[in-house]
Amino acid sequence: MREVYLLLGILAAGLPAARGQNLNCNFEQNFCQWTQASSDKTDWLRISGSTPSGATGPPHDHTSGHGNYAYFEATNTTQGFNAQLTSPALRVSSRSKACLSFWYYMYGQHVNSLNVYLQKNNNNGQPVWQRTGNQGSRWIQGLVDIPVNTRAKVVLEAVRGRGYRGDIAIDDITYKASPCPQSGVNTTTSVQCNFEDGRICGYTQDQTDNFDWTRASGATLTSGTGPNSDHTYNTQQGHYMYIDASNAQSGQKARLVSPSSNGRRSMCMTFYYSMYGTGVDSLNVYTKSGRSLGQPIWSLSGNQGVGWNIARVPLRRGRSFNARIKLLAYNKCHSIMVVFEAVRGQGFKGDIAIDDVSLAAGNCPAIGACNFDKNLCGWTNAKQDDFDWLRHRGSTGSRNTGPSSDHTHSNSQGYYLYIEASSPRRENDRARLTSQLFRKSSRPRCFQFWYNMQGSNIGTLTVIMNVNSVDKPIWTLTGQQNGNWIFGRVPITNNQNNFKLAIVGTRGNGVQGDIALDDFSVRNSRCTISPSSAQPSTAVTTKPPTTVTTKSTTPGGTPSPSSTNSVTCNFDTNFCGWTNPKTDDFDWTRQNQPTNSARTGPQSDHTSGHGYYVFTESSNRRPNQKALLQSVQVQQTGPHCLSFWYHMYGSNIGTLNLYVQTGATPGSPEWTRSGEQGNAWRTTNVTFTPAAPFNLIFEGVMANGYRGDISLDDVTLTSGTCSGSSSSSISGRACSFEDTHICGYTQDKTDVFDWTRNSGATGSTSTGPSNDHTYKTSRGHYMYIEASAPRHQGDNARLISPTYTDSQAMCVQFYYHMYGNGIGALNVYVQTGGQMGRAGFTMSANAGNVWQLGEMTVPSSAATAGYKVVFEGVVGGNVRSDIAIDDIMFKSGPCQNPGECDFETGLCSWKNVQNTGDQFDWTIKQGQTSSTGTGPSSDHTVGTAAGHYMYIETSSPRLSGNIAWLVSEVFPPTSASGRCLNFWYNMYGQTIDTLTALVRVQGAADTAIWSLTGNQGQQWQYANAPISMPSSSYQIVFQGRRGTSVTGDIAIDDISFAESNCGVRPSEAHPIVGPTTQSTPSTTPGTQGAFNCSFDNSFCGWSQDHTDQFDWTRMRGRTPSSATGPTRDHTSGRGYYVYAEASTPRRNGDKARLLSPDVAVTGTQTKCLTFWYLMMGRNVAQLSVYAKSGIALPSTPIWKRSGNQGNRWIKAQVDITAKSLFNVVFEAVRGGAYGDIAVDDVGISDGSCTHSK
């Protein structure tokens, strides 16, 4: 191999003579045709491996990883010393620019600058390219455009900084007779551009605006505004685009339009802007599709100070569907253009500039969030401080100070930031790190980070909030802090202005004073300062906000105590017109204080806080016992609206149903809720239209446990439909589509077909909802698109809201249902001035047969201008592509980051699942859990008994092995940069079992990404886990498993996500892969119960055949016989499986059969059966699988294996084609004493599968 590299080096050394005008060089053999200048202070050196000084320079060359490179040695020189390397003379033609490319490495706290000159007549002039300061521990490509008709030499100059950790390296210089690519894209037209080419990458001036953008270099023509140099090269020779405010009038606009770009993938656009000057107005960014400009996707106004600032803008993926050409391919992509619009302000000091536009695949990282593994994520080192924060991995250069590894991965490969306290640093030297700009918001924010302050000479770490160039310390800590990485957070309560965060590290009185930072995040929630000792002495100390319960009234006013003939009732005096029938199991009770059981029921009534309500007492009840509350008969027919408040809090909550009875029996429920709904009174409105006199009936159905009290209060019945029209108030905009006028929403006249209002199931099987979301019954209504004929793939239907105007950004929330194997797309737009622009929400995947929460932010620019919300449904590939929406709501302020939740105001977009595989629910909680010796004493967010968290209550009636699932919203596929799940957990108790984080994909088995078992101590602890789902939408599921007794409460809090990769924390939470020699990871069936089963909690409805000779056994761990059977299950290595025990009294030829629940089919249908089996032992006989329709077992199995298959779990998949209902049968045949046969992780899904041989 050494000879190969030697040959490559010889070829590279010879390459300059043939091509590149003698400039190409990789420094493997020598300096090629480059020479040391005689007018500098020292020389460049050639070296392989790392430079002699620690914590500076590269670890190896760029070319091969073990070759040579050129570098400037900072040791034994003084500040300001320079080394220059000069190229041979070059000549650029008149036809095209040339490009000089090289790779540079500028790492170390004392790095000064690397300059590139074009030397003419022995005069270097000004640098044409420049980089200053620490650029991180990585090789970076530098590109320099050389103008046409240039005759010059290239000079590379390194300048020494204030200390020896300032080595600068270069490698792999190449020269091409063509312009440099723009941000890595080698095209002449591109959205990505650094504007060094006079053709500006194909950008064009808009012909419908008032004036044009100008390409410039150096400072703008007016002092006191604009940049002093470009951003790309940071020199007077680099170029950028700007508007000259002195040549325009107030309010006039200039638009710069990019070339078109394919909009199929989600992208993150990064650009740099300069908005300095007292007369600066606004910079807006649009995505233009066709003729539509739409609303800005990014906007900023006012003076932002001197210098270049970074901006990141998401360009969301979308699909284009032409409503007039039905044969248009379904997946034809948008062709979009990016438009930069600058608005001239009131004065001439209003120049606005942009530079270095670039695109990256995937979502933009959240502002402020960073784990520093790739770069600084938009954080920058300030120019006016004394030294820089360094990006580093492994230990710092000094002993007895700093961390030994990063926080994200806890290994030497992960990166963090730190300040190096060694010489030439002096006491009180400061290093300042500055964030991007945060926009003002009505919501509180919380900045979270991890810090390491170990060392006897530690100085001070301060977090600063900078508003309008005024600093305000909000967190500060001085001196050595015990512990390795420590969690820090600080509330940001003043959000009325745009602001930046700054982190200042101040050097202490010695070299053992390195301070390190890692894993920044910003949450849209309130929090308290942590640690409490970090409160700045100059800051005003305030208590955390206290939740105030407002005593609301029901719609139309609080119902007064009425006669015994009234349905409307607040229960303060009596039951009004409600009675307890004698046909149920027990009665509703009227109460004016908390219910008798702790951790369930309300603390007071809803009406006044000291009145009465009614409730079902769940103590001493059996599962499915019912309590009925029946109204007097109402004679009036036609539409009615029933409003009421309900309270369903406790770990054993059952179901609350509402019936409208017009005949002898109640029929099916009009409205229903199941499971815990949080410790709060909640309201609902139900519209119904009886055709005959009716009674209303509330039914409380008990679950298995005493913490299941269900309460009612403030019932109001009025004539007419419930409100839900286009009211100007936010609450009045809510729409459940129960009103036939559908709240003022209208059908678009320019689409292909219309949305349909519906109740119950849609007309096609295996697609669409069976119930609405509001009432969760077949009586409730929703809107949907019907995909059956005459619809064609790509046909679209749009539903448009009334016009709304708001003073700030808004969050639109809605529920959508996208179930079916032919699903198309749901797009949601903000329409202003008749233009829709790009979709603010888009989903194009089968999301399962459940209602999912969707959210979209209406930008403040659109909200203040007046807007409509447009829901567009697009037909997919077949009739199974019905899409439905329901329960549209509006909230003030932008939407939270998807999946983020601190549980202070509810479950956010998380939910407990009902009747789909788990045995109980997660519970929202304040303070201590009900059992001693387990669970947290307070939440993590606020750190007091007033804060909220989620936990599993392991008291009776919970059984060992019971599981509870908490399920997220549906997330789109992850980007190339990955995604990271972050959360805090508390696993304190002697019988703690397991907390697992799962990734759930529709139609596939769950995948564990994080799992931890056993008592982890009393403290809240931080966790993260990587998510990599590049091709599928997915959900996150937190699974809590109950241990062997009541001291097994498990809690979680403060869930967030980062748009970057991460490791598993803590390291012992890596999921255990089952004992299989295959590469397939251990997984759990996607839906437990009904058919899919991991056998961890039960047989899931599978049953023993009574016509065989023996039974299958559910087992955990090793089977009783040695040299046969598994040692652990396949799912997790800690769970259960089923097996046929071959020991005595079994005889050869005995059979054990296990029968599945019924599997229903429609017409002739193919299903895919998946399972894992283990057949190890010298007497193993046979495992067969049958598909049984009717009573008799078929004569031929659909799958079988015989004999010893080895000590491993093996995956099998079998196609089953059936015309009618059938059962799957596993049959094990006994061969001898050493012949145990085991099965685990059984699942079935629609469609064909690939057979496992």
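Residues numbered from 1 in each chain as written. Predicted model: local features only at pLDDT ≥ 70, side-chain atom pairs only at ≥ 80, totals over all residues. Heavy atoms only, no water.

Student: Looking at this structure, I do not really get the overall build of the chain. What am I missing?
Tutor: Regarding its fold elements, the chain presents two helices and 73 strands. The C-alpha atoms of the chain give a radius of gyration of 34 Å, which matches the 33 Å a tight globule of 1253 residues would have. Principal axes of the C-alpha set define a box for the chain whose edges measure 105 × 80 × 65 Å. Buried positions account for 59% of the 1253 residues belonging to the chain. When contacts within the chain are restricted to residue pairs at least 6 apart in sequence, long-range pairs at least 24 apart make up 79% of them. Of the roughly 48,600 Å² of accessible surface on the chain, 47% is carried by carbon and sulfur atoms. (Helix = DSSP H or I, 4+ residues; strand = E, 2+ residues; numbered from the N terminus. Rg over C-alpha atoms; globule rule 2.2 N^0.38 Å. Buried < 20%, exposed > 50% of the residue type's maximum accessible area, 1.4 Å probe, protein only. Contact = heavy atoms within 4.5 Å. Areas by Shrake-Rupley, 256 points an atom, 1.4 Å probe, with all protein chains shown as cover.)

Student: Mind showing me how you'd approach the environment of F447 here?
Tutor: As for its position among the elements, F447 is in strand β27 (residues 445–452). Residue F447 is classed as buried on the basis of its relative accessible area, which comes to 0%. Measuring from C-alpha to C-alpha, the distance between F447 and G513 comes to 24 Å, with 66 residues separating the pair along the chain. Setting aside chain neighbours within four positions, we find F447 in contact with W379, V463, G488, R489, V490, I492, L501, I503, F520, S521 and V522.

Student: Please explain the pattern of salt bridges as it appears in this structure.
Tutor: When the charged atoms of two side chains lie near each other, side chains of opposite charge can form a pair. Evaluation of the coordinates by the stated rule reveals 22 salt bridges. With a closest N to O distance of 2.9 Å, R255 and E341 form a salt bridge. One end of the pair, R255, is in strand β15 (residues 253–257); the other, E341, is in strand β21 (residues 335–343), with 86 residues separating them in the sequence. R255 gets classed as buried once you look at its relative accessible area, which sits at 13%. Under the relative-accessibility criterion, E341 is labelled buried at 1%. Within this structure, D206, R255 and E341 form a network of salt bridges that share partners. (Salt bridge = Lys/Arg side-chain N within 4 Å of Asp/Glu carboxyl O.)

Student: Help me out: how do you make sense of the side chain of D1049 in this one?
Tutor: With respect to the element layout, D1049 can be found in the loop between β61 (1035–1041) and β62 (1050–1058). Despite its burial, D1049 pairs with no opposite charge; the closest candidate is R1042, at 7.4 Å N-O. If we skip the residues at most four places from it in the chain, D1049 touches T929, S931, T934, G935, Y951, I952, E953, T954, N986, Y988 and I992. (Lys, Arg positive; Asp, Glu negative; His and termini not counted.)

Student: Mind showing me how you'd approach the nonpolar core here?
Tutor: The tendency in soluble globular proteins is for nonpolar side chains to be buried as a group. Counting 38 residues, the largest nonpolar core has Y816, F871 and I885 as the members making the most contacts within it. For this core, the element with the most residues is strand β47 (residues 810–818), which contributes five residues. Residues in contact with I885, not counting those within four places in the same chain, are F737, W755, Y782, M783, L799, Y815, Y816, L826, W851 and F871. If you look at the next biggest cluster of nonpolar residues, it comprises 37 residues, including L966, V999, I1009 and L1012. (Core = buried A, V, L, I, M, F, W, Y, C linked by side-chain atoms within 4.5 Å.)

Student: Would you take a moment to explain the environment of S410 for this structure?
Tutor: Tracing the sequence through the fold places S410 in the loop between β24 (390–393) and β25 (415–419). A relative accessible area of 43% places S410 in the partly exposed class. Sequence separation of S410 and N309 is 101 residues, and the distance between their C-alpha atoms is 32 Å. In this view, S410 contacts S405 and R1065; residues no more than four positions away in its chain are not counted.

Student: What is the right way to look at the packing of aromatic side chains in this model?
Tutor: Geometry of an aromatic ring pair is reported as the spacing of the ring centres plus the angle between the planes. The final tally for this structure, using the stated rule, is 65 aromatic pairs. Consider the rings of F102 and Y104, whose centres lie 6.2 Å apart with planes at 50°: the pair is tilted. The same class applies to F102 as to Y104, namely buried. Aromatic side chains F644 and W671 sit 5.2 Å apart centroid to centroid with 85° between the ring planes, which places their arrangement in the edge-to-face category. Here W671 lies in strand β39 (residues 671–674) and F644 lies in strand β37 (residues 640–648), a separation of 27 residues in the sequence. (Phe/Tyr/Trp six-rings, centres within 6.5 Å; stacked < 30°, edge-to-face > 60°.)

Student: Hey, could you run me through the environment of Q661 in this one?
Tutor: On the secondary structure map, Q661 appears in strand β38 (residues 655–661). A relative accessible area of 12% means that Q661 is categorised as buried. Placed 255 residues apart in sequence, Q661 and D406 show a C-alpha to C-alpha distance of 65 Å.

Student: In this structure, what is going on with the confidence of the model for the chain? I would like to understand it.
Tutor: The pLDDT averaged across the chain works out to 84; a share of 90% of its residues lies at or above 70. When the criterion is pLDDT under 50, residues 1073–1090 qualifies, and its contacts beyond four places in sequence or with other chains add up to 62 contacts. (pLDDT = per-residue confidence, 0-100.)

Student: Please explain the pairing of strand β46 (residues 796–800) as it appears in this structure.
Tutor: Each regular strand carries side chains that alternate between the two faces of the sheet. Where burial is concerned, most of β46 is hidden: five out of the five residues are buried. What you see with β46 is no split at all: N796, R798 and I800 on one side and A797 and L799 on the other are buried throughout. In the sheet, strand β43 (residues 746–747) pairs with β46 via two bridges, with the strands oriented antiparallel. From the neighbouring strand, Q747 faces β46, where its bridge partner is L799. Direction of pairing for β46 relative to strand β51 (residues 868–874): antiparallel, over a ladder of five bridges. Its bridge partner being in β51, L799 is matched across the sheet by F871. (Pairing = 2+ DSSP bridges.)

Student: I'm lost on the sheet that holds strand β30 (residues 486–492) in this one. Help?
Tutor: Neighbouring strands of a sheet are bound in pairs by backbone hydrogen bonds; such pairs are parallel or else antiparallel. Strand order across the open sheet formed by five strands is β24-β25-β32-β27-β30, with antiparallel pairing between neighbours. Every interior strand has two partners, whereas the edge strands, β24 and β30, have only one. The sheet shows a mean angle of 40° between the axes of neighbouring strands, direction not considered. For β24 and β25, the ladder comprises four bridges, and the chain directions are antiparallel. Across the sheet, the residue bridging to R391 is L417, located in β25. (Axes fitted to C-alpha atoms, helices over the stretch in contact; angles between N-to-C directions.)

Student: Just to check I follow, could you spell out the sheet that holds strand β72 (residues 1223–1229) for this structure?
Tutor: Taken together, the five strands give an open sheet; going across it, the order is β64-β67-β72-β69-β70, and neighbouring strands pair in antiparallel fashion. Every other strand in the sheet has two partners, leaving β64 (1103–1104) and β70 (1199–1202) as the edge strands with one partner each. Taken together, the five bridges between strand β67 (residues 1151–1155) and β72 define a ladder with antiparallel strand orientation. Within β72, the position partnered with L1155 by the bridge is V1225.

Student: Please clarify how unusual backbone geometry should be interpreted in this entry.
Tutor: Excluding glycine, a negative phi dihedral is what most residues carry, and trans is how most peptide bonds are arranged. The amide bond that connects S530 to the next residue, P531, takes the cis arrangement and shows omega of -5°. Position of P531 among the secondary structure elements: in the loop between β32 (515–523) and β33 (578–579). With phi around 65°, N122 is a residue other than glycine that occupies positive phi space. Here N122 lies in the loop between β7 (113–119) and β8 (129–132). Judged by its relative accessible area of 72%, N122 is exposed. Of note in the backbone geometry, D172 takes a positive phi value of approximately 50° without being a glycine.

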